[in-house]
Structures are given as structure tokens and as C-alpha cells.
Amino acid sequence: MQTLKLTMEKDTLLEMQKFVSDKVEAMQNDFVEFGGTLLGRFDGDTLKVIGFLYDDQAQATTVLIRFSSEILRKTKLKVLEYNKSVIRANDKIYNVGTWHVHPPSCSCDYSNT
């Protein structure tokens, strides 16, 4: 079985850590899940995340998040805009997944989905 490698550009990681930290701090006791989409590349072995978008229209509670259709539209536009300036096919980006956070009091157990 082949192992998938996951990498993230350092600037993207630092930006995402700050974004999440600031958002959690602002929520204080009114925490709900939040998240968005991940932008990146996959070469068959390695998934490289180079950016992320936040879904400010998601429906969320402390234990559930439903992403909006608007985040998919925004992600598609961002990918198309970025890829217009790309010359080499290997440099194009794609929507490579979603991300979300759990309240600090939640366990880190895997979901059933």
C-alpha cells in the first residue's frame, strides 16, 4: 500500500495557524466549528497545500459544520484566477479538500463518515 505524503508551505501553515488562533480567541465561550477549503497540488505521491479559504457562510454548531455552496463557488473562482497565470501544468492548483476545527472540549475521535 502506497503512503500519501502531505506537505504545506510554511507561509500557508503560519497564516492558517494565526487565522484559527485569532478566530478561536474571538469566539471565547460561543465556540462553533468553522472551516473551509484547501487549495493545492497532487503529483500522485504528495499532496501539497498552498492555500486555504474560510467559509463565512457555513452553518455550524459546536459539533457540526455544513459548508455553503458559496465557498465552492469562491474556491472555483480562486483556482481559475490562479491558474490563468500558470505556464506549466504541474504548477496549477486545485481544490484538494476541506478543513475544519473542533471546539477545544471535543475529542479528536474520527467521525463515522
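Remember, it's a predicted structure, so these values are computed and weren't measured experimentally.

How would you sum up the packing of aromatic side chains? Please name residues and give values.
Pairs of aromatic rings are described using the distance from one ring centre to the other and the angle between the two planes. All told, the structure shown has eight aromatic pairs when counted by the stated rule. Relative to tyrosine 54, the ring of phenylalanine 19 lies with its centre 5.1 Å away and its plane at 55°, an arrangement referred to as tilted. One end of the pair, phenylalanine 19, is in helix α1 (residues 10-27); the other, tyrosine 54, is in strand β3 (residues 46-54), with 35 residues separating them in the sequence. Judged by centre distance (5.9 Å) and plane angle (85°), the rings of phenylalanine 52 and tryptophan 99 are edge-to-face. Of this pair, phenylalanine 52 sits in strand β3 while tryptophan 99 is found in strand β6 (residues 94-100), placing the two residues 47 residues apart along the sequence. What makes tryptophan 99 buried here is its relative accessible area of 8%. Taken together, Phe19, Phe31, Phe34, Phe52, Tyr54 and Trp99 form an aromatic cluster joined through their ring pairs.

I'd like to hear about the nonpolar core, residue by residue, with values.
Formed by Met16, Val20, Met27, Phe31, Phe34, Leu38, Val49, Phe52, Trp99 and Val101, the largest nonpolar core amounts to ten residues. Elements that contribute at least two residues to this core include exactly α1 and β3. Sorting elements by how many residues they give to this core places α1 first, with three residues. With sequence-adjacent residues up to four places away left out, valine 49 is seen in contact with Leu6, Thr7, Met8, Glu9, Leu38, Leu39 and Gly40.

How would you explain α1 if you had to name every residue and give the values?
Within an α-helix, residues lying three or four positions from one another point in the same direction, as the helix has 3.6 residues per turn. An ideal rise of 1.5 Å per residue puts 26 Å on 18 residues; α1 measures up with 26 Å between its terminal C-alpha atoms. Burial in α1 covers these residues: Thr12, Met16, Val20 and Met27. Buried residues of α1 fall within an arc of 60° about the axis and therefore sit on the same side. Opposite the packed face of α1, turned more than 90 degrees from it, sit the exposed residues Lys10, Asp11, Glu15, Lys18, Glu25 and Ala26. Summarising the contacts, the buried residues of α1 are in contact with β1 (5-8), β2 (35-42), β3 and β6. Where α1 terminates, the next one or two residues include glutamine 28, which has phi positive at roughly 50°.

Conventions used here
- Residues numbered from 1 in each chain as written.
- Predicted model: local features only at pLDDT ≥ 70, side-chain atom pairs only at ≥ 80, totals over all residues.
- Heavy atoms only, no water.
- Phe/Tyr/Trp six-rings, centres within 6.5 Å; stacked < 30°, edge-to-face > 60°.
- Helix = DSSP H or I, 4+ residues; strand = E, 2+ residues; numbered from the N terminus.
- Buried < 20%, exposed > 50% of the residue type's maximum accessible area, 1.4 Å probe, protein only.
- Core = buried A, V, L, I, M, F, W, Y, C linked by side-chain atoms within 4.5 Å.
- Contact = heavy atoms within 4.5 Å.
- Expected span 1.5 Å × (residues − 1).
- Arc of directions from axis to C-beta.

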